[in-house]
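In case you want the letters, here they are:
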Amino acid sequence: MVASSSNSYLTSNHEVVNINKNKEFKLRNINQNGQIQIYQSSYRGSYSSIIRDSLRNAALGRKVLLVQLMKGGVKQGISNAQKLCGNLTWIRSSNSYDQYEPENINNNISKSINNSIIELWNFCKKELLYGEYDQIILDEVFLAVEMNIISKDDLISTLENRFISGDVILTGTSIPKNFLLMADQITELRS
């Protein structure tokens, strides 16, 4: 263990703190992104612990965005986002595959669903690149990638260029290797 006084640190590390003749400190701002966390499960709908944690974080004062890209059925969408605990914004797709029996999905319905997911993804991209959330959760984002609704390259680029200092949590059942290599933490949920 190394003990150091503030004087020895200031004189030995001029890159971080510059002292001018007026005894003013000029601190260099270091931008740091939060962690990328991936939660993987063998089946859909197994992420109740993430939703629980997002509620707890919001109640503790963190600003949280929870986006369920592939869930719908409540006519929500971006314009009808739900606010909980004052700090949690919960958004579901305005139209989703879960709302229909598979045999009833035709090309028009599929196109409408994909457009609502893309609209939600574009909102998420803006928040990842310029937003002020402490935590952003993209639930089932990898299913949207697997179905070619969201481009894998677009998601990678957005994550690499994100501006938020908080954590980004991604969930899915089938995680491409590129994302596993980007992750700071990978959690496998078992039944």
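Reading guide: rules and limits
- Residues numbered from 1 in each chain as written.
- Predicted model: local features only at pLDDT ≥ 70, side-chain atom pairs only at ≥ 80, totals over all residues.
- Heavy atoms only, no water.
- Salt bridge = Lys/Arg side-chain N within 4 Å of Asp/Glu carboxyl O.
- Buried < 20%, exposed > 50% of the residue type's maximum accessible area, 1.4 Å probe, protein only.
- Pairing = 2+ DSSP bridges.
- Helix = DSSP H or I, 4+ residues; strand = E, 2+ residues; numbered from the N terminus.
- Axes fitted to C-alpha atoms, helices over the stretch in contact; angles between N-to-C directions.
- Contact = heavy atoms within 4.5 Å.
- Core = buried A, V, L, I, M, F, W, Y, C linked by side-chain atoms within 4.5 Å.
- pLDDT = per-residue confidence, 0-100.
- Parallel < 35°, antiparallel > 145°, perpendicular 65-115°, else oblique.
- Left-handed = near helix turned anticlockwise from the far one by under 90°.
- Nonpolar A, V, L, I, M, F, W, Y, C, P; charged D, E, K, R; others polar.

Peer 1: Sorry, what's going on with the pattern of salt bridges here?
Peer 2: One pass over the full model with this rule turns up four salt bridges. A salt bridge links Arg-52 to Asp-53, with the nearest nitrogen and oxygen atoms 3.3 Å apart. Glu-127 is the partner of Lys-126 in a salt bridge, and the nearest nitrogen-oxygen pair spans 3.7 Å. Assessed through its relative accessible area of 45%, Lys-126 is described here as partly exposed. Take Glu-127: its relative accessible area is 10%, and that puts it in the buried class.

Peer 1: Just to check I follow, could you spell out the sheet that holds strand S3 (residues 36–41) for this structure?
Peer 2: Two strands in a sheet stick together by hydrogen bonds in their backbones, pointing the same way (parallel) or opposite ways (antiparallel). Taken together, seven strands build an open sheet; the order of strands is S5-S6-S4-S7-S8-S3-S9 and the sheet is mixed. One side of each edge strand has no neighbouring strand; the edge strands of this open sheet are strand S5 (82–84) and strand S9 (185–189). For this sheet the average axis-to-axis angle between neighbouring strands, irrespective of direction, equals 15 degrees. Strand direction decides the pairing type here: S3 and S9, joined by five bridges, are parallel. Across the sheet, Tyr-39 pairs through a bridge with Thr-187, a residue of S9. Together, S3, strand S4 (64–68), S5, strand S6 (88–92), strand S7 (135–139) and strand S8 (167–172) form the strand contacts of helix H2 (residues 48–59), whose direction differs from that of S4 by roughly 155 degrees.

Peer 1: Got a minute to help me understand the nonpolar core in this structure?
Peer 2: Considering soluble globular proteins, one finds that nonpolar side chains tend to be buried as a cluster. One finds Leu-138, Leu-155 and Leu-170 to be the most contacted residues of the largest nonpolar core, which totals 34 residues. Looking at this core, the elements with two or more residues in it are S3, S4, helix H3 (107–130), S7, helix H4 (141–146), helix H5 (152–160) and S8. Residue contributions to this core peak at eight residues, all from H3. In this structure, Tyr-39, Ala-58, Val-64 and Ile-169 belong to the second largest nonpolar core, which totals nine residues.

Peer 1: Mind showing me how you'd approach the pairing of S6 here?
Peer 2: Most of S6 sits out of view: five of its five residues are buried. Neither face of S6 is left uncovered, since the one carrying Leu-88, Trp-90 and Arg-92 and the one carrying Thr-89 and Ile-91 both have all their residues buried. Across five bridges, the pairing between S4 and S6 is parallel. Residue pairing in the sheet places Val-67 in a bridge with Ile-91 of S6. Pairing of S5 with S6, which is carried by three bridges, proceeds in the antiparallel orientation. The residue of S6 that forms the bridge with Leu-84 is Leu-88. The hairpin turn running from S5 into S6, its antiparallel successor, is three residues long, and Cys-85 in that turn takes a positive phi close to 55 degrees.

Peer 1: Even after reading the chapter, I still don't get the confidence of the model for the chain, so can you show me in this structure?
Peer 2: Detailed reading of predicted coordinates is not advised where the pLDDT is low. Averaged over every residue, the pLDDT of the chain is 81; the share at 70 or more is 78%. In the predicted structure, residues 1–17 sits below a pLDDT of 50 and forms 12 contacts with residues beyond four places in sequence or in another chain.

Peer 1: Looking at this structure, how should I read unusual backbone geometry?
Peer 2: Most peptide bonds are trans, and most residues other than glycine sit at a negative phi. Unlike most non-glycine residues, Cys-85 shows phi in positive territory, near 55 degrees. Structurally, Cys-85 can be placed in the loop between S5 and S6.

Peer 1: Is there a simple way to explain the packing of H3 against H5 in this structure?
Peer 2: Helix-helix packing is characterised by the crossing angle of the two axes and by the distance between the axes. It is the contact of H3 with H5, at a shortest axis distance of 9 Å, that shows an interaxial angle of 25 degrees. As summarised for this structure, H3 and H5 are arranged roughly parallel, according to the angle between their axes. For the pair H3 and H5, the sense of crossing is left-handed. Where H3 approaches H5, its residues Trp-121, Lys-125, Leu-128 and Leu-129 are matched on the opposing element by Asp-154, Leu-155 and Thr-158. Of the residues that constitute the contact of H3 with H5, the class distribution is four nonpolar, one polar and two charged.

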